[in-house]
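These are the residues of each chain, in order.
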Amino acid sequence: MGVVRIIVSVIFILVSVALVILVLMQEGKTKGLGAISGAAETYWGKNKGRSMEGMLVKITRVLAVIFLLLTIVLNLSIF
């Protein structure tokens, strides 16, 4: 059973590193002074779900769920 724990731990570390990298790649959510003049409403602002930023958000959510599940599995005393 020690081999399974090592494999899950390695996957946990890889997911952790990927999650940190994805969070750092994302833009900030603050609009700054551009929101006052309406500069935030661009094509990419309206279609954020289909852009690269939207994909990064979706992947981050999936990795966060995997991170949470791996954390729970590693804290169980089944290994």
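Below or above, wherever it landed, is the structure these notes cover. (Residues numbered from 1 in each chain as written. Predicted model: local features only at pLDDT ≥ 70, side-chain atom pairs only at ≥ 80, totals over all residues. Heavy atoms only, no water.)

## Concerning the environment of A64
And step 1. By the element assignment, A64 lies in helix α4 (residues 52-75).
And step 2. Here A64 falls in the partly exposed class, since its relative accessible area comes to 35%. (Helix = DSSP H or I, 4+ residues; strand = E, 2+ residues; numbered from the N terminus. Buried < 20%, exposed > 50% of the residue type's maximum accessible area, 1.4 Å probe, protein only.)

## Quick notes on a nonpolar patch on the surface
And step 1. Among the surface-exposed residues, V65, L68, L69, I72, L76 and I78 lie close enough to one another that they form a single nonpolar patch of about 570 Å² accessible area.
And step 2. Looking at the element boundaries, I78 is found in the segment after α4.
And step 3. Using a relative accessible area of 55% as the deciding quantity, one classes I78 as exposed. (Patch = residues over 30% accessible without salt bridge, like charges linked within 9 Å, V, L, I, M, F, W, Y side chains within 5 Å. Areas by Shrake-Rupley, 256 points an atom, 1.4 Å probe, with all protein chains shown as cover. Salt bridge = Lys/Arg side-chain N within 4 Å of Asp/Glu carboxyl O.)

## Points about α4
And step 1. With 24 residues, α4 ought to run about 34 Å at 1.5 Å a step, and its terminal C-alpha atoms sit 34 Å apart, in line with that.
And step 2. Buried within α4 we find E53, G54, L56, V57, T60, L63, L70 and L74.
And step 3. Against the buried residues of α4 lie α1 (2-25). (Expected span 1.5 Å × (residues − 1). Contact = heavy atoms within 4.5 Å.)

## Thoughts on the packing of aromatic side chains
And step 1. If you walk through the whole model with that rule in mind, you get one aromatic pair.
And step 2. Centre to centre, the rings of F12 and F67 are 5.0 Å apart; their planes meet at 20°, and the pair counts as stacked. Taken together, the residues F12 in helix α1 and F67 in helix α4 connect sequence positions 55 residues apart.
And step 3. With a relative accessible area of 30%, F67 lands in the partly exposed category. (Phe/Tyr/Trp six-rings, centres within 6.5 Å; stacked < 30°, edge-to-face > 60°.)

Any link to function would need more than the numbers given here.
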